[in-house]
Amino acid sequence: MKKEVLFLSAVLALASCKKEVTENADQNSTESYSEGESAKAKTPEALGKEIFEGKGNCTACHQVDQKIIGPSIQEIAKMYKDKNADIITFLKGNAEPIVDPSQFDVMKTNFPVTKAMSEEELKAIETYIYSNLK
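Residues numbered from 1 in each chain as written. Predicted model: local features only at pLDDT ≥ 70, side-chain atom pairs only at ≥ 80, totals over all residues. Heavy atoms only, no water.

Student: Is there a simple way to think about a nonpolar patch on the surface in this case?
Tutor: Taken together, the side chains of Ile-68, Ile-69 and Val-106 present a nonpolar region at the surface, about 220 Å² in accessible area. Relative to the elements of secondary structure, Ile-69 occurs in the loop between helix H2 (44-53) and helix H3 (73-82). (Patch = residues over 30% accessible without salt bridge, like charges linked within 9 Å, V, L, I, M, F, W, Y side chains within 5 Å. Areas by Shrake-Rupley, 256 points an atom, 1.4 Å probe, with all protein chains shown as cover. Salt bridge = Lys/Arg side-chain N within 4 Å of Asp/Glu carboxyl O. Helix = DSSP H or I, 4+ residues; strand = E, 2+ residues; numbered from the N terminus.)

Here it is as structure tokens:
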């Protein structure tokens, strides 16, 4: 009987400990979720700018209002709007260049980066580009 009580006590202690760990994990994930919810959501334009300047490394060749290696963001936006062309299709590597075909070989080296982006990220970049229309 004493062994059974000891065994039962050990099982209850383990169950209590497991419950506490699970509750703590739930609280931690709830807290993380709450923090995420309270953080200000990025607009597509803000996300696009962040990607353009960050992991996309687009600013190495493109500036808002001047040609560096590639055309300016404003020139890209104007040309794509005027020709009713699709920036996202181009960034996926599925369209011919329409702004500055002479720089296409340089741009092709970046397609592995843009092809790996999600549809949301590509749409955000497109939104950011169009936000620079003047």
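Back to the write-up after that little detour.
Student: How should I be thinking about the environment of Lys-55 in this particular structure?
Tutor: Position of Lys-55 relative to the elements: it lies in the loop between H2 and H3. Taking relative accessible area as the criterion, Lys-55 reaches 53% and is therefore assigned exposed. Sequence spacing of Lys-55 and Val-113 is 58 residues, and the spatial spacing of their C-alpha atoms is 8.3 Å. Sequence-distant contacts of Lys-55, that is, excluding residues within four places in its chain, are made with Glu-50, Val-113, Met-117 and Glu-121. Reaching out from Lys-55, the side chain makes a polar contact with the side chain of Glu-121 at a distance of 2.5 Å. (Buried < 20%, exposed > 50% of the residue type's maximum accessible area, 1.4 Å probe, protein only. Contact = heavy atoms within 4.5 Å. Polar contact = N/O pair within 3.5 Å; in protein donor to acceptor, adjacent residues only side chain to side chain.)

Student: Whenever I open this one, the pattern of salt bridges confuses me. Can you help?
Tutor: By the definition in use, this model includes 7 salt bridges. When the shortest N-O distance is used, the salt bridge between Asp-100 and Lys-67 registers 2.5 Å. Within this pair, whereas Asp-100 is found in the loop between helix H4 (87-91) and helix H5 (104-108), its partner Lys-67 is found in the loop between H2 and H3, the two being separated by 33 residues in sequence. On the accessibility criterion, Asp-100 (18% relative accessible area) is buried. Residues Lys-92 and Glu-119 are paired through a salt bridge, measuring 2.8 Å at the closest nitrogen-oxygen approach. Here Lys-92 is found in the loop between H4 and H5, whereas its partner Glu-119 is found in helix H7 (residues 119-131), with 27 residues between them in sequence. A relative accessible area of 31% means that Lys-92 is categorised as partly exposed.

Student: Where do I start with the nonpolar core in this structure?
Tutor: Nonpolar side chains in soluble globular proteins generally cluster together in the buried interior. If you look at the biggest cluster of nonpolar residues, it comprises 22 residues, and the most contacted ones within it are Phe-52, Tyr-80, Phe-90, Leu-91, Ile-125 and Ile-129. Put simply, the parts of the chain that give this core at least two residues each are H2, H3, H4, H5 and H7. Per-element tally for this core: the top contributor is H7, with 5 residues. With residues up to four places along the chain from it excluded, the contact list for Phe-52 reads Asn-57, Cys-58, Thr-59, His-62, Ile-73, Ile-125, Tyr-128 and Ile-129. (Core = buried A, V, L, I, M, F, W, Y, C linked by side-chain atoms within 4.5 Å.)

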